[in-house]
Amino acid sequence: MMGRAVAFGLTALILAGGIAGASAQEVLGVWERDTGASRVRFSKCGDALCGTISWLKDQNGPAKLGQRIFFDMKPSGANKWNGSAFNPEDGKTYSGTMTLSGNSLTTAGCVLGGLICRSVKWARTN
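So, here is what we can say about the structure in this document. Just so you know, these numbers come straight off a predicted model, no measurement behind them. (Residues numbered from 1 in each chain as written. Predicted model: local features only at pLDDT ≥ 70, side-chain atom pairs only at ≥ 80, totals over all residues. Heavy atoms only, no water.)

### Here's the deal with the pattern of salt bridges
Counting across every chain of the model gives 2 salt bridges. One salt bridge in this structure joins Lys 74 and Asp 47, with 3.7 Å as the shortest N-O distance. With Lys 74 in strand β4 (residues 68-77) and Asp 47 in the loop between β2 (38-45) and β3 (48-56), this pair connects stretches of sequence that are 27 residues apart. Among the residues examined, Lys 74 registers a relative accessible area of 37% and is labelled partly exposed. (Salt bridge = Lys/Arg side-chain N within 4 Å of Asp/Glu carboxyl O. Helix = DSSP H or I, 4+ residues; strand = E, 2+ residues; numbered from the N terminus. Buried < 20%, exposed > 50% of the residue type's maximum accessible area, 1.4 Å probe, protein only.)

Structure follows, in structure tokens:
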């Protein structure tokens, strides 16, 4: 009886990992901010996802090419990740989330335990 419970638990973990892994694959690549001001490349970094600035409209702004702005983004549900987000405009790091819906990605950063949040929409680029 105990062996079946362990086998069931392992199967559930493997299936859950497969679903999360498939969603992570869909996020990998380049995404453009809804304002057209920047692009971020999401890639694997260890067992998480990270996002690095790959293009900037304003090269003289506070953000820099190659700067990592999303890090330690780990699956937290179907098409959703939690981690950290760095805002080059104020130089602060926030708790962050990402939510994928087709070719649209929404990122959000929150402070004060989630009392103040800001979200940004991103579209997949080719």
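### A few points about the state of the cysteines
If you walk through the whole model with that rule in mind, you get 2 disulfides. Between the sulfur atoms of Cys 45 and its disulfide mate Cys 50 the distance is 1.8 Å. One disulfide, between Cys 45 and Cys 50, carries an S-S torsion of 75° and so falls in the right-handed class. Exposure remark for Cys 50: the relative accessible area of 2% places this residue in the buried category. A sulfur-sulfur distance of 2.1 Å marks the disulfide that ties Cys 110 to Cys 117. Taking the sign of the torsion about the S-S bond as the criterion, the disulfide between Cys 110 and Cys 117, at about 110°, is right-handed. A residue is classified by how much of its surface remains accessible, and Cys 117, at 45% relative accessible area, is partly exposed. Looking at the protein, its bonded cysteines, counted consecutively from the start of the sequence, adopt the pairing 1-2, 3-4. (Disulfide = S-S within 2.5 Å.)

### Side note on the nonpolar core
Taken as a class, soluble globular proteins show a tendency for nonpolar side chains to be buried jointly. Among the nonpolar cores identified, the biggest contains 19 residues, and Val 27, Phe 42, Phe 70, Trp 81 and Met 98 are the most heavily contacted of them. Mapped onto this core, the elements with two or more residues apiece are α1 (2-27), β2, β3, β4, β5 (80-87), β6 (92-101) and β8 (116-124). Not counting the four nearest positions on each side in its chain, Phe 42 is found in contact with Val 27, Leu 28, Gly 29, Trp 31, Cys 50, Gly 51, Phe 70, Met 98 and Leu 105. (Core = buried A, V, L, I, M, F, W, Y, C linked by side-chain atoms within 4.5 Å. Contact = heavy atoms within 4.5 Å.)

### Quick notes on the environment of Ile 69
You can see Ile 69 is positioned in strand β4. When the C-alpha atoms of Ile 69 and Phe 86 are compared, they prove to be 4.6 Å apart, with 17 residues separating the residues in sequence. What Ile 69 contacts, discounting residues up to four positions off in sequence, is Val 40, Gly 51, Ile 53, Ser 84, Ala 85, Phe 86 and Pro 88.

### Things to note about the sheet that holds β4
Sheet architecture is closed into a barrel: 8 strands sit in the order β1-β2-β3-β4-β5-β6-β7-β8, paired in antiparallel fashion. Strand-to-strand, the axes of this sheet are offset by a mean angle of 35°, without reference to chain direction. (Pairing = 2+ DSSP bridges. Axes fitted to C-alpha atoms, helices over the stretch in contact; angles between N-to-C directions.)

### Digging into the side chain of Ser 38
By secondary structure assignment, the location of Ser 38 is in strand β2. The residues contacting Ser 38, other than those within four sequence positions of it, are Trp 31, Glu 32, Arg 33, Trp 55, Leu 56 and Trp 122.

### Notes on the packing of aromatic side chains
Within this structure, the stated rule accounts for 2 aromatic pairs. Ring centres of Phe 42 and Phe 70 lie 5.4 Å apart, and the angle between their planes is 35°; this geometry places the pair in the tilted category. Of the two residues, Phe 42 is situated in strand β2 and Phe 70 in strand β4; the sequence distance between them amounts to 28 residues. Among the residues examined, Phe 42 registers a relative accessible area of 2% and is labelled buried. Aromatic side chains Phe 70 and Trp 122 sit 6.2 Å apart centroid to centroid with 80° between the ring planes, which places their arrangement in the edge-to-face category. Highlighted residues: Phe 70 in strand β4 and Trp 122 in strand β8, separated in sequence by 52 residues. Of the two residues examined, Phe 70 and Trp 122, each falls in the buried class. Joined through ring pairs, the aromatic side chains of Phe 42, Phe 70 and Trp 122 make up one cluster. (Phe/Tyr/Trp six-rings, centres within 6.5 Å; stacked < 30°, edge-to-face > 60°.)

On their own, these measurements won't tell you what the molecule is for.
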